Amino acid sequence: MVRINDIVDEILKYNPQADVEILQKAYVFSAQAHKGQTRLSGEPYLIHPLEVAHTLTRMNLDVPSVVSGLLHDTLEDSYVSKEEIEKYFGNEIAELVDGVTKISKIPLKTSEESRVENFRKMILAMSKDIRVILVKLADRYHNMQTLNFLSPEKQIEIAKETIEIYAPLAHRLGIEWMKEELEDTSFKYLKPADYRVIADKIARKKKERDEYISEVIGVLKERFEQFHLNAEISGRAKRLYSIYRKMTHESLNIDDIYDIIAFRVVVNSIKECYEALGIVHAFFKPIPGKFSDYIALPKANMYQSLHTKIIGPYGEKIEIQIRTHEMHKIAEEGIAAHWKYKEGKMFDAKEDKIFAWLRRIIEWQQELKDNKEFMEVFKIDLFSDEVYVFTPKGDVRDLPKGATPIDFAYAIHSELGHRCVGAKVNGKLVPLRYILKSGDSVEILTNPTHKPSKDWLNSVVTSKAKTKIRQWIKTEQREQSIELGRALLDKEMAKHDKSIAKLLKSGELQAISKDFSLETVEDLFASVGYGLYTPLQVLGKIIPESEKPSKLKTLISSFKKGRDSAIKVQGIDGLVVRFAKCCNPIPGDKIFGFITRGRGLTIHVADCPNVHTYDEQRQVEVSWQTNKDFTYPVRLKIVGSDRKGLLSDISSIMASNKANIISAQAMTYPDRSAAGMYEIEIGNMSQLQKIIKSIQKIKGVRSVERIRGTV
């Protein structure tokens, strides 16, 4: 168990001038705030903030960060206010603690939305002070160590979130030890069987592996000494999740993986790094295509090393990483290795390069209002492995693995991406879907009148490209819909001696827009252009009831009657709604709505195969209004024995359950079996399920199946 003295001792090792008094004060404050509280393990709650603070000292963070670790849960889990923290510890620490606090004051609909909103708040807090996410990572790190006390469902939920968000975030910040431990712990709960198989395999061969590591270290030391090169050498088995990832990516069995041992060589200078590489390659056979120079081309988190894979003693494949002591410190500690916090500044010049990705995410969180889209670009940016390509001027650009020339164009400038018509790689024309490789020199060909294609979304991988293309498509579709909607309204109004120009001048259209729960007149035009509302519906709001021709009254009222009013669309009633005949939804089915230009809103069952062919941008949230009393067509296929009275029994069940039979077809087969296709009208899912269960009990009936499709 960690004690406050352990934390003080650790921080004094790397910061002898640390304010020990404020650490002691924070410990007492946290102990009082969490007095009487326990964790699910039964341990006193105070153990958690102590562990978080200790982890922060392992990251060599400053005193305010460690104090924030001690206090990070006081706002959420006790009576303490932000003002109290500011009073006793100052504004800087109060802001840090507030930034880490997980309380959400925004009312949210689902737990998924709550998580995304938390990530948005986390990004905003990071933009003000990067230490917020470091405290948050330390918090998650200890929570993962005590995950065994939670329910299996909660374990999977937290482990999934950790491996998708927090582990990649630790990697982006260069804190490799934390990233690896978060991955391994998540792996243990997400894939317990695979975890045990790999862990057992590694454990069984530990003695053999340790002997091999010792032998290879001895050989390397001997070779380096021959060339008077002083180096620190270490070796270890790769992490369990790293092995699992290799197995899944390359479709290998654990017994087929040989390069599970990695060695690290630490020398004094960059010059010695390349000397060590030359010695290794001179005495051991390098594996072609398995060398990476991250010294000349550092990773986005400033990680630097030479990576090579060789055939070691006894034909074993091994990986060797070569780096300087400074590079090793950065590789182990990440941002903490060069942490210099300056009041009022987010990053210094060096950190500015490291966190270009964070600035991009901050921009996206401001631009992207859709939570699902925001999480997509967030995860893409966190998970990306880099390739390094060159501009025509020789500048280096790092892009995610799998990037195309379109990604490259958008990385340079949004307008260059929009106008991209072709690309040259290494002087040769290539398709825009060409996958870029490290070392490629890329030149983008443009046309000032060219526009992005929706198909580009299938080939680009960078968050920026996806975001900019989607934004352009949305803007373009909206402009087209506004133009179309205005034309349709103008044409319909002309028939009744009305004019859009006059209605705009009088302010009537603005008022009508509000009636439809729309913000602006342009929103009204766009809704008509999309087919969400008809010109007649808008006209019905303009023409007084006494002046409406009877035909117009009939047309307008027809939009407000029938099965379409059984659907609630984002809180608005009375829209033009049609039910897809490919799946025939009925109340009780999980449904989605899709805007179809000129045809209104089409309702599909969630698992309808056609759902995947629709543009996500046209998807609308819909739900059933259960108080509406309408009937819906359903087809049932009934298979059974060909016996006298079977059709009569089936018909009786349907009649007794108040289902109207629209049509029936019966077929018999030589094996004395029969099949009937019934088209009936029912009111909801519970009525249908009752009918199906009753028919299944009829003597001779083998199966009853609901058939999707045109009726």
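About the cut-offs
- Residues numbered from 1 in each chain as written.
- Predicted model: local features only at pLDDT ≥ 70, side-chain atom pairs only at ≥ 80, totals over all residues.
- Heavy atoms only, no water.
- Helix = DSSP H or I, 4+ residues; strand = E, 2+ residues; numbered from the N terminus.
- Buried < 20%, exposed > 50% of the residue type's maximum accessible area, 1.4 Å probe, protein only.
- Contact = heavy atoms within 4.5 Å.
- Areas by Shrake-Rupley, 256 points an atom, 1.4 Å probe, with all protein chains shown as cover.
- Phe/Tyr/Trp six-rings, centres within 6.5 Å; stacked < 30°, edge-to-face > 60°.
- Lys NZ or Arg CZ within 6 Å of the ring centre and 35° of its normal.
- Core = buried A, V, L, I, M, F, W, Y, C linked by side-chain atoms within 4.5 Å.

A short note on the overall build of the protein chain
A count of helical and extended segments in the protein chain gives 29 helices and 20 strands. The 711 residues of the protein chain split such that 49% are buried. Within the protein chain, counting contacts between residues at least 6 apart in sequence, those at least 24 apart form 66% of the total. Total accessible area on the protein chain stands at roughly 35,900 Å², and carbon and sulfur atoms take up 50% of it.

Let's talk about unusual backbone geometry
At Asn-426, a position not held by glycine, the phi torsion is positive, near 55°. Here Asn-426 is to be found in the loop between strand E8 (420-425) and strand E9 (428-430). Since its relative accessible area comes to 47%, Asn-426 is described here as partly exposed. Unusually for a residue other than glycine, Asn-584 sits at a positive phi of about 45°. Looking at where Asn-584 falls in the secondary structure, it is placed in the loop between strand E12 (577-579) and strand E13 (591-596). With a relative accessible area of 9%, Asn-584 lands in the buried category.

Comments concerning the packing of aromatic side chains
The description of an aromatic ring pair uses the distance of the two centres, along with the angle that the planes make with each other. Tallied over the entire structure, the rule returns 13 aromatic pairs. Plain terms: the ring middles of Phe-29 and Phe-89 are 5.4 Å apart, the flat faces sit at 90° to each other, and that makes the pair edge-to-face. Note that Phe-29 is positioned in helix H2 (residues 20-33) and Phe-89 in helix H6 (residues 82-89), a separation of 60 residues in sequence. Taken as a pair, Phe-29 and Phe-89 share a single burial class, namely buried. Their ring planes at 50° and their centres at 6.3 Å tell us that Tyr-212 and Tyr-314 sit as a pair that is tilted. With Tyr-212 in helix H13 (residues 206-226) and Tyr-314 in the loop between strand E4 (306-311) and strand E5 (317-324), this residue pair connects regions lying 102 residues apart in the sequence. Accessibility expressed as a relative area gives 10% for Tyr-212, which makes it buried. For Tyr-314, a relative accessible area of 65% puts it in the exposed group. Put simply, the rings of Phe-187, Tyr-195, Tyr-241 and Tyr-244 pair up and form one aromatic cluster. The side chain of Arg-39 reaches across the aromatic face of Tyr-45, ending 5.9 Å from its centre. Positioned above the aromatic ring of Trp-177, the side-chain terminus of Arg-58 is 3.5 Å from the ring centre.

A few points about the nonpolar core
Across soluble globular proteins, nonpolar side chains have a tendency to be buried as a group. Counting residues in each nonpolar core, the largest one holds 55 residues, and the members touching the most others are Val-67, Leu-71, Ile-85, Phe-89 and Met-178. Of the residues forming this core, the biggest block, eight residues, is contributed by helix H9 (residues 131-145). Listed in part, the 53 residues of the second largest apolar core include Leu-489, Met-493, Phe-525 and Ala-659.

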